[in-house]
Amino acid sequence: MKLDSFLLEILVCPQCRAKLVEGGTEEQPELLCTGESCGLVYPVRDGIPVLLVDEARRPA
């Protein structure tokens, strides 16, 4: 599921305030933090980004 480009322009990582980019798969979309020191991965559930640091995971 593709997120609206306007939404991606305004969303930032709640941990470090870096830009987020789309990632993951069609079945499990995710937003990836572009911050070098952070790099958290946030889930997207039912088309809604879950931007809670407690719900994020570190990349493998």
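Residues numbered from 1 in each chain as written. Predicted model: local features only at pLDDT ≥ 70, side-chain atom pairs only at ≥ 80, totals over all residues. Heavy atoms only, no water.

Peer 1: Explain the environment of Thr-34 to me, please; I cannot follow it from the model alone.
Peer 2: Along the chain, Thr-34 falls in the loop between strand E2 (29-33) and strand E3 (41-45). In the structure, Thr-34 is positioned 15 residues away from Lys-19 in sequence and 5.7 Å away in space, judged by C-alpha atoms. If near-sequence neighbours (up to four positions away) are discounted, Thr-34 is found in contact with Ala-18, Lys-19 and Val-21. At 2.8 Å, the side chain of Thr-34 forms a polar contact with the backbone oxygen of Lys-19. (Helix = DSSP H or I, 4+ residues; strand = E, 2+ residues; numbered from the N terminus. Contact = heavy atoms within 4.5 Å. Polar contact = N/O pair within 3.5 Å; in protein donor to acceptor, adjacent residues only side chain to side chain.)

Peer 1: Would you explain the sheet that holds E3 in this entry?
Peer 2: To summarise the sheet geometry, strands pair through backbone hydrogen bonds and adopt either a parallel or an antiparallel arrangement. Taken in spatial order, the four strands of this open sheet run E1-E2-E3-E4, and their pairing is antiparallel. The open sheet has two edge strands, strand E1 (20-24) and strand E4 (48-49), and neither has a second partner. Two strands pair when backbone bridges link them, and E1 and E2 are joined in this way by five bridges, in the antiparallel orientation. From the neighbouring strand, Val-21 faces E2, where its bridge partner is Leu-32. (Pairing = 2+ DSSP bridges.)

Read these as geometric descriptors, not functional statements.
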